[in-house]
Every structure is written in C-alpha cells, then in structure tokens.
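Fold and contact review
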Amino acid sequence: MTHIEQFLAKATTQAIASLYGIQFPSEQVQVQQTRKEFNGDLTLVVFPFLKISGKKPEDTGNEIGNYLVSNFPELAAFEVIKGFVNVRFSRKFWMEMLHQIFSDVAYGTSISGTPRYVMVEYSSPNTNKPLHLGHIRNNLLGFSVSRLLEATGHRVVKSNLVNDRGIHICKSMLAWKKWGDGRTPESSGEKGDHLVGDFYVMFDKEYKKQIEELVAGGMPREEAENKAPVLLEAQEMLRKWEARDEETLSLWKIMNQWVYNGFDVTYKELGVNFDKIYHESETYLLGKQLIAEGLEKGVFFRKPDNSVWIDLTAEGLDQKALLRSDGTSVYITQDIGTAHQRFVEYPIDEIIYVVGNEQNYHFQVLSLIMQKLGFSWGKNLHHLSYGMVELPEGKMKSREGTVVDADDLIAEMVETARLMSLELGKLDGFSEEDSKRIYRAVGLGALKYFILKVDPRKNMTFDPKESIDFNGNTGPFIQYTFARINSLRNKSAEQTISSSQSLNLSIEMNDKENDLIRNLCQFPEVVKEAAETFNPSLVANYIYDLSKEYNQFYHEYSILKAETPDLVNFRLILSECTGRVISFGMYLLGIEVPERM
RNA sequence: GGUCGCGUAGCUCAGUUGGAUAGAGCAGCAGCCUUCUAAGCUGCGGGUCACAGGUUCGACUCCUGUCGCGAUCACCA
C-alpha cells in the first residue's frame, strides 16, 4: 500500500469509529485505484463495513464519504456507486505530492524491511558452449533483481558459479584434439565460446555416429550409448583431469580461457557483471565434510552399498542421494559445500539462486538439508525459479540446433534497430558514433524489455521468425518517451523558460495531469513489491503504463506553449519527474535510456 | 504413478490481500504530422478467463475434481 492509500485507510478507520463507534483496523480497509471509467483517485470498498453500519451499501458509502470530505482537507470530493466510494483528493494535495517527488533525487528508492546482505547468484554457464536465449533471461533477471534489492536498502553481492569442469568440457577438448588442427580463436577469427561450442557439436555428431554403428553391429542401444569409443575417451580424459594430468589441465585451461573471453564480450553486451566469480573446479569437492558431520548427527544415513542419503519423505519429498557408493560427490554435495562456504566468506544473510524452474526440487532439497544440518540460514536460501524460454514449436534443443544463440540474437536486434532508425530518419544529422550508441541501446532495450516484462515464474514464448517489436508495449516505446521528455528539457533550457524550479501550488491541473501524478506516486511501492517478490516485470509493466499515460498527455496538451508561465513550469516539472521515474525504472531493469532517438 | 507449475482475445502478455462492464500490445480496419520527436496519438472489431462443482454479498483470483501442456521424482549436472 502506498502512503496515500494508507492515509485514506486510516482516515476511513477514523470515519467508522466516529460514525459507528467501532474500531475497524486500517490494514483491513480495502483501498484500490479508482478504475478509469469512474470519477476519483482512490476507491473504498464498503462491503466490509455493512455489518458495522447496519445500512445499505449506498447509505454507508455516503456517510463515510461525507465524513471524509468534511474532516480531511486533502479529500475534495466523493461519489458513491453501488458498494464503492470513489474519493477524489484535492488538486493541491496532488500538487504537493508532485513537489515532493520533484525534490527527492532518490525518488523510487526505499527501505524494505530490515536491510540485508544478499548474494544473488546468476548466469552459471557451462564452459562447453556459448550462451543462448535461456541464459539471457537468467542474466537479465539476476542483474535486475540485484538492482531492485539495492534500491530497497539491501546490500548485494552478485556472484557467478561457472561450471568449468566435467564431462561436457572434456567432450569439447577431445574433439578439438582430434579434429581441431590447432585452431584457435585468433587463427579462425571465431569468438572463443563459439569455437569451443563447435567442437562440442562435433563430438556429439561423432558420438551419435558411433552409436548407430554399434547398434547396426547388433549391440543394444543402451549399451552402445555407454560404450561408444569417443565417449570412453572423453571419460578417460575426465579421469586424467581429476588426476591433475598436466597435458589435460593445460588444454583445459586454454580452452576455458577462450570461452571466458567470449563470455566477457556477451556479458558486456548485455550490460551485466559480477562481484565474485566461482569456479566449480575449485568447489566441486566441497561438501563432503558436511556430509560426514550430518552422518554423525544422524541427519543422513548410509545404505549397505556405502552410499549416503537423506530421507525427506516426512517433508513430502523422496530420499535423495548425497554421496555415491564409491564416496564421490553428486551435484547437490557441492551445492551444500558452496552454500556453506559463502556464508563463511561473506557476512551475508541470504542467497538468491537464479536458476530455471526445472531445478525446483533440487533447491527445495538444498534448503531443507541445510536447515536439518542446523544452519539457521538454510531457510534463507531462495530459489528465483524462472520459466523456460520456449520456441513456438516447444523447448529449445541444442542437439537439434534450435537454440537461439545469445550473440546472434543481440546482433540481430541491434541490426534491426539500425535499419529501423535509418528508415525513420531518426539518426539524420547524428555522428556515426552517436548513431551507433543509440541504435545499440534501442536494439538491446527491445530485447531486454521483451524478456523482463514477462513474469519470471512463467514460461515464455519467443518466435525467432517474428522479430521483437519496437512499437507498443516495448522497450523502445519507453525509451522514446524518455527521449521526448529529454528533448523538452533541452528546448526549455534553450528558450530559458521559467527555470525557477518552484511550483505554484495553486495552479489548476487537468485530469490527465492528476492521473499522471497519481501514477508517479505509485512508483516506490512498485519497486518495493518487485524487490520483495523478485519480479522485475512489475517495474517493466509499470513504466509502460506511465509512458503510455505520458504520451497521451504530451499529445493532448502543449507543454512549452502552455497558457501561463506557471503552467509551463508545472508541466515541465511533471515531465521531468516522469522522465526521472522512467529513467530509474529502466535502470532497475538494466536498460539504457538514450537522450535522443 | 507421486510432487510442483501452467491454461485469459488469432498471437505475445497484464490482471494487486477475492470487488464495479476482464485489460494492453501485436496482427486487421479507419483516422491524426505547416504546431514541443508519428518508435507517437485516436477510434473500430475481437473473450464460455481450459471444463465442472463448491465457498460468499461478490470468484480470472480461494477450495475440490476433470481435461490438456510442461517440469521433476538419477549413485546426471
């Protein structure tokens, strides 16, 4: 609830106490935005008061409305329709609100709950192939949530756990050794992560070919899948890696570095970054000690074959393996270890893991295990579980070559933005450098907004055949609105129109202006809500609504040529505040707003 | 089979702790640039909120069941 809504709720509590002699808790007063088709700013729902008043909805509404308007100067008028009281605040009240927003350089930030120190872990790529569209969603979410948390008073450390070891990278390494001819990113001119990814694909082709040959030779498919020579070689390579074989390690380091160089470019393009990078090669052995302690405490148990398990059937889950019978780690073993390590390394209060919803079960288990091991922070391991990005025909499948490559997509978006800018003549008279900066911002803005406007928890569809729009509910629309406002700002500076920066609080505003201010007032609450629910889409949709509202206002009323200097000043300040909110909102999404476009 | 999630306009998505006649954009059609950026604005058409029950003053929202889609339930990561 915004402060304004709280104000009305408390006022209503007072009204009810005075009218009916009963204390109705203000938190339970139902306040909502008045719908567009009715007259008013906020609406009270009177149904909950009927038992208290013992009167009809209309009569109760009128009594409350009358009380409010005659006892609170902020409230100017009311209108009862059925069981709803639409309350209108005074113009002066809104003018003061605008003044507050204008005076607050950090408008939009707030303190949400007790300030915490939060680790946000996102991206988490494998080093055997380049990033794809799914990773883009992950990165954008992680980055935006980090900014949202910072904007609501929390301290954030952004971390990235790179999966740099394992059979997958060995596959790429093996293929490179076999068929690479010493190719490097330098010699081939190919981006390192793509180069390594190519060899991964090469491996897979050969692997499949060998399976077919074995099957044709009469071997059961399942056996063939485990015995294909190229797979055995890769497994042998992994054993060598684990035995710290020098030649293997050296190739591993070289190829991983190619990938990191490639990732760095993509991360930079996306505008995301990290404060701390972890490598699985350094953490994959962690956790065993904690498993041993858990065994002693009786939290875990050992099966006859020596494997270690936890029984979570009481929690409605299953039994989960924590160590193999040969004593080696499984995936969750190291997550147990790394979670613990992080709380030792950093005085953090919680970790937010930005990981796809296919791992819901895993993170449920992880949190439970840590709690059972006696770590109070176990319950503070949050999983920001986001939905898959799907193609119209279904899931992206790397094996079927249907993955949408991150670099390609970014390049396409930027190119589309360039062509569209050209076509619209938007960049006439701009320097090459400026043009480039702008269409890059627009292309990336379109892509980022497209992804972030969707509720993270939901799966979303992306159709590569239809390029992302630049009109309507899109990033460029919002950027354009900002550019318009910025243009006004420049023009007003040129014309030296009243820059007194002080509002005449007694000017009459129109309904559209009133709506805009009311809309602006919601911003901090939207940010807070988005931070608390790890949901950037709330901010995205909010700035879209605001931009739409502003464009209507802009179209309908003249700003620089308004009737009086006071009115010009007021509209400029209103525009300025809108621009700031758009700009900060976009900042929270990690999207640039160009000053011109 | 167990668990979890999803199902809203032709398409992509919104829809607050249950509230008024379920909203945007795209696509389609029709308008608006001698006036602050037309990547804009205005209008029109488009819905069995998967289905069936229940809870109540009121259900897209909560509960139960059914159908459909997806994920997961590995000594994979």
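**Concerning the domain arrangement of chain A**
We note that the domain assignment places domain 1 (3–89), domain 2 (122–390) and domain 3 (406–588) within chain A. A separation of 55 Å is found between the C-alpha centroids of domain 1 and domain 2.

**Points about the side chain of aspartate 455**
Inspection of the secondary structure puts aspartate 455 in the loop between helix H17 (432–452) and strand S15 (460–461). Aspartate 455 gets classed as buried once you look at its relative accessible area, which sits at 18%. A polar atom in the side chain of aspartate 455 sits 2.8 Å from the side chain of arginine 457. In this structure aspartate 455 touches Arg137, Asn535 and Ser537, once residues within four positions along its chain are discounted.

**Thoughts on the protein's contact with RNA strand B**
The environment of RNA strand B is formed by 62 residues, the closest being Asp305, Arg324, Lys426, Tyr480 and Tyr557. Among all atoms of RNA strand B positioned within 4 Å of the protein, those belonging to sugar or phosphate total 63%. Between a base nitrogen of RNA strand B and a side-chain N or O atom of threonine 43, the distance comes to 2.9 Å. At a separation of 2.4 Å, a phosphate oxygen of RNA strand B approaches a polar side-chain atom of arginine 484. Among the secondary structure elements, those contributing two or more residues to the surface near RNA strand B are strand S1 (31–33), strand S2 (42–45), strand S4 (84–89), S15, helix H18 (475–494) and helix H21 (537–556). With seven residues, the single largest contributor to the surface near RNA strand B is H18.

**Quick word on the pairing of S2**
On S2, burial covers both faces: Leu42 and Leu44 on one face and Thr43 and Val45 on the other are all buried. Sheet topology places S1 next to S2; three bridges connect them, and they run antiparallel. Its bridge partner being in S2, glutamine 33 is matched across the sheet by leucine 42. One ladder, built from four bridges, connects S2 with S4; its direction is antiparallel. Across the sheet, the residue bridging to leucine 42 is valine 87, located in S4.

**Examining the state of the cysteines**
Under the counting rule described, the total for this entry stands at zero disulfides. Take cysteine 577: it sits in no disulfide, and the sulfur closest to it among the cysteines is that of cysteine 521, at 9.7 Å. Under the relative-accessibility criterion, cysteine 577 is labelled buried at 1%.

**Points about the environment of phenylalanine 301**
Position of phenylalanine 301 relative to the elements: it lies in strand S8 (residues 301–302). With relative accessibility at 28%, the residue phenylalanine 301 sits in the partly exposed group. Taking C-alpha positions, phenylalanine 301 is 59 Å from arginine 437, a pair spaced 136 residues apart along the chain. Excluding residues that lie within four positions of it along the chain, phenylalanine 301 makes contacts with Leu295, Ser307, Val308, Trp309, Ile310, Asp311 and Gln319.

**Looking at the packing of aromatic side chains**
All told, the structure shown has 27 aromatic pairs when counted by the stated rule. Between tryptophan 176 and tryptophan 258, the ring centres sit 5.9 Å apart and the planes meet at 65°, which makes this aromatic pair edge-to-face. One end of the pair, tryptophan 176, is in helix H6 (residues 167–179); the other, tryptophan 258, is in helix H11 (residues 246–270), and 82 residues separate them in sequence. For the residue pair tryptophan 176 and tryptophan 258, the accessibility class agrees, reading buried in each case. A network of ring pairs unites the aromatic residues Phe7, Phe72, Phe89, Phe93 and Trp94 as a single cluster. The ring of tryptophan 241 has arginine 244 lying over it, and the distance from NZ or CZ to the ring centre is 5.7 Å. Cation over ring: lysine 303 sits above tryptophan 309, and NZ or CZ is 3.7 Å from the ring centre.

**Considering the sheet that holds strand S10 (residues 319–323)**
Overall, antiparallel pairing links the three strands, which are arranged S8-S9-S10 in an open sheet. Of all strands in the sheet, those with a lone pairing partner are S8 and S10, marking the two edges.

**So, the environment of asparagine 163**
Summarising the element assignment, asparagine 163 is placed in the loop between strand S6 (155–162) and H6. What makes asparagine 163 buried here is its relative accessible area of 15%. Between the C-alpha atom of asparagine 163 and that of glycine 298, which follows or precedes it by 135 residues, the distance is 31 Å.

**Here we look at unusual backbone geometry**
Phi at serine 123 takes a positive value of approximately 80°, unusual for a residue other than glycine. Position of serine 123 relative to the elements: it lies in the loop between strand S5 (117–121) and helix H5 (133–151). The exposure class assigned to serine 123 is buried, which follows from its relative accessible area of 2%. The phi dihedral of arginine 244 is positive, around 60°, even though this residue is not glycine. Positionally, arginine 244 belongs in the loop between helix H10 (229–242) and H11.

Reading guide: rules and limits
- Residues numbered from 1 in each chain as written.
- Chains lettered and ligands numbered in written order.
- Predicted model: local features only at pLDDT ≥ 70, side-chain atom pairs only at ≥ 80, totals over all residues.
- Heavy atoms only, no water.
- Domains from an automatic or database assignment.
- Helix = DSSP H or I, 4+ residues; strand = E, 2+ residues; numbered from the N terminus.
- Buried < 20%, exposed > 50% of the residue type's maximum accessible area, 1.4 Å probe, protein only.
- Polar contact = N/O pair within 3.5 Å; in protein donor to acceptor, adjacent residues only side chain to side chain.
- Contact = heavy atoms within 4.5 Å.
- Near = heavy atom within 4 Å.
- Pairing = 2+ DSSP bridges.
- Disulfide = S-S within 2.5 Å.
- Phe/Tyr/Trp six-rings, centres within 6.5 Å; stacked < 30°, edge-to-face > 60°.
- Lys NZ or Arg CZ within 6 Å of the ring centre and 35° of its normal.

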